[in-house]
Amino acid sequence: MAQVNGETETTETVVRRLRDGMTDGVLSFPLTSFHDDGSLDPAGFRTHVAARIATAPGAVFPACGTGEFFSLDEDEYRTVVTVAVEEAAGRVPVVAGVGYGWAQAARFARIAEEAGVDALLVLPHYLVAAPQDGLVAQLEQLAARTRLPLIAYQRGQVAFTASSLKRIAAIPGVIGLKDGHSDLDRLQRLTLAAPEGFLFFNGASTAEIQARAYATVGVPAYSSAVHAFAPEIANAFFTALTDGDDKTVERLLRDFYVPLVELRDRVPGYAVSLVKAAARLRGQPVGPVRAPLTDPSAADLAELTILLTTGLDLVGAAL
């Protein structure tokens, strides 16, 4: 595990730091920087992740969905998570993505452990549907092969029942769940089934849209893709939500977040491609997306520019 103040963290320390961070700020998912030829740009990523950390997120999650984990080889992954740990320097928790089947996930977990990350986000497994016993076994197998705490991510073909949630929460090292399904009935059942101290957070695409709804079932913490390109907007929304400033929340939702979602939903993969394009508009050296994703069309980029300018104006910032 990582070292904080010269001492190796325990799982309990990681949980405490994450809980504190989730209370104090959004969870930031930085983009992975590529050169125009598609090769990894470590210097660009260092600049980008350092800028995210400087805006005081609750935690930073490199090499996850927004960070195009699915397109990284193991050497590139090592570079990305190492840079993130170096730039965080113990100031915020670093949670790296791992995925595919448990055997391949364990290979990435070893790399992350060597790099000094604090915990792992276990992305949905590759391709196949699986029964509940298999979903539990996937986490059991991975937990047995890493010392790092694990946060399960239910999305796509992964959806836990309340009884399975109890089973994964009993696995040593499994500390939380990120939800991307937005099924609040199911999520409420999961939160009620979980032991005290188990972490939950809202991992829906453009999570701010549903942040108030998630909070009603006891899940106020959320990830923010917007933080990757406009931390001014993401932090203003978080502050307004935390302070109960419904007027500001609704203005940002109506004039920025909802139009962003409508643009995002036009093309598969825009949940990442638009975020990267917006970061480039802000001067962040993140480069293009890798195939199979595609960069936005000229027309969509022009619309994004107007929308981003509007959002920044709402919080008193400039493009």
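It should be emphasised that the depicted structure is a prediction, and the values quoted were computed from it without experimental measurement.

## What about the overall build of the chain?
The number of helices and strands found in the chain is 12 helices and 10 strands. For the C-alpha atoms alone, the extent of the chain along its principal axes is close to 50 × 45 × 40 Å. By the burial criterion, 54% of the 319 residues in the chain qualify as buried. Look at the contacts in the chain between residues 6 or more apart in sequence, and 71% of them connect residues 24 or more apart. On the chain, roughly 12,800 Å² of surface is accessible, and the fraction owed to carbon and sulfur atoms is 53%.

## Some remarks on the pairing of strand β5 (residues 95–98)
Neither face of β5 is left uncovered, since the one carrying Val95 and Gly97 and the one carrying Ala96 and Val98 both have all their residues buried. When β5 meets strand β6 (residues 119–122), the two strands line up parallel, connected through four bridges. From the neighbouring strand, Val95 faces β6, where its bridge partner is Ala119. For the crossover that starts at β5, traverses helix α4 (residues 102–115) and ends in the parallel β6, the hand is right-handed.

## What to know about the sheet that holds strand β8 (residues 174–179)
Pairing within the open sheet is parallel, and its five strands lie in the order β5-β6-β7-β8-β9. Either end of the sheet is taken by a strand with one partner, and the two such strands are β5 and β9 (199–202). In this sheet, neighbouring strand axes are inclined to one another by 25° on average, regardless of whether the strands run parallel or antiparallel. Its contacts with the sheet put helix α5 (residues 132–143) on β5, β6 and β7 (150–154), and the angle it makes with β7 is roughly 155°.

## Observations concerning the sheet that holds strand β10 (residues 223–224)
Taken together, three strands build an open sheet; the order of strands is β4-β3-β10 and the sheet is parallel. Strands with a single pairing partner mark the edges of an open sheet, and in this sheet they are β4 (59–60) and β10. Bridging between strand β3 (residues 27–28) and β10 involves two bridges; their strand directions are parallel. Of the residues in β10, the one forming a bridge with Ser28 is Ser224.

## Section: the packing of helix α11 (residues 270–281) against helix α12 (residues 298–314)
As a packed pair, α11 and α12 sit with axes 10 Å apart at the nearest point and diverge in direction by 65°. Between α11 and α12 lies a crossing whose hand is right-handed. Side by side, α11 and α12 meet where Tyr270, Leu274, Ala277, Ala278 and Leu281 of the first sit next to Asp300, Leu301, Leu304, Thr305 and Leu308 of the second. Its residues assigned to classes, the contact of α11 with α12 comprises eight nonpolar, one polar and one charged.

## Some words on the side chain of Glu208
Of note, Glu208 is situated in the loop between β9 and α8 (211–216). Put simply, Glu208 is tucked away with no salt bridge, and the nearest opposite charge, on Arg264, sits 8.3 Å away. One polar contact links Glu208 to Ser224, side chain to side chain, over a distance of 2.7 Å. Within the local environment of Glu208, its side chain forms a polar contact with the side chain of Tyr257, the two groups lying 3.3 Å apart. Leave out the neighbours within four places in its chain, and Glu208 touches Tyr222, Ser224, Val226, Ala234, Phe237, Leu253 and Tyr257.

## Brief notes about α12
Between its terminal C-alpha atoms α12 stretches 25 Å, which fits the 24 Å expected from 17 residues at 1.5 Å a residue. Inspection of α12 places Asp300, Leu304, Leu307, Leu308, Gly311 and Leu312 among the buried residues, and these make up the whole buried set. Projected onto a plane normal to the axis of α12, the buried residues spread over an arc of 135° and lie on a single side. With respect to the buried face of α12, the exposed residues turned more than 90 degrees away are Ala298, Ala299, Ile306 and Asp313. Contacts made by the buried residues of α12 are with α9 (231–243), α10 (246–264) and α11.

## Overview of the packing of α4 against α5
Contact geometry of α4 with α5 gives a least axis separation of 9 Å together with a crossing angle of 35°. With respect to the hand of their crossing, α4 and α5 are arranged in right-handed fashion. Here Trp102, Ala105, Ala106 and Ala109 of α4 lie close against α5, whose contacting residues are Gln138, Gln141 and Leu142. Class assignment of the residues belonging to the contact of α4 with α5 gives a composition of five nonpolar, two polar and no charged.

## Some thoughts on the packing of aromatic side chains
Tallied over the full model, the rule gives 12 aromatic pairs. For the ring pair Phe69 and Phe108, a centre distance of 4.9 Å and an interplane angle of 65° mean the geometry is edge-to-face. Of this pair, Phe69 sits in the loop between β4 and α3 (74–88) while Phe108 sits in helix α4, placing them 39 residues apart in sequence. Taking the relative accessible area as the measure of exposure, Phe108 reaches 2% and is therefore buried.

## Focus on helix α1 (residues 11–24)
Here α1 spans 20 Å end to end across 14 residues, near enough to the 20 Å set by a 1.5 Å rise per residue. Residues of α1 that are buried: Val14, Val15, Arg17, Leu18, Gly21 and Met22. On an axial view of α1, the arc spanned by its buried residues comes to 165°, and they lie on one face. Opposite the buried face of α1, at more than 90 degrees from it, the exposed residues are Glu12, Thr23 and Asp24.

The rules behind the values
Residues numbered from 1 in each chain as written. Predicted model: local features only at pLDDT ≥ 70, side-chain atom pairs only at ≥ 80, totals over all residues. Heavy atoms only, no water. Helix = DSSP H or I, 4+ residues; strand = E, 2+ residues; numbered from the N terminus. Buried < 20%, exposed > 50% of the residue type's maximum accessible area, 1.4 Å probe, protein only. Contact = heavy atoms within 4.5 Å. Areas by Shrake-Rupley, 256 points an atom, 1.4 Å probe, with all protein chains shown as cover. Pairing = 2+ DSSP bridges. Right-handed = clockwise from strand over helix to strand, strands pointing away. Axes fitted to C-alpha atoms, helices over the stretch in contact; angles between N-to-C directions. Left-handed = near helix turned anticlockwise from the far one by under 90°. Nonpolar A, V, L, I, M, F, W, Y, C, P; charged D, E, K, R; others polar. Lys, Arg positive; Asp, Glu negative; His and termini not counted. Salt bridge = Lys/Arg side-chain N within 4 Å of Asp/Glu carboxyl O. Polar contact = N/O pair within 3.5 Å; in protein donor to acceptor, adjacent residues only side chain to side chain. Expected span 1.5 Å × (residues − 1). Arc of directions from axis to C-beta. Phe/Tyr/Trp six-rings, centres within 6.5 Å; stacked < 30°, edge-to-face > 60°.

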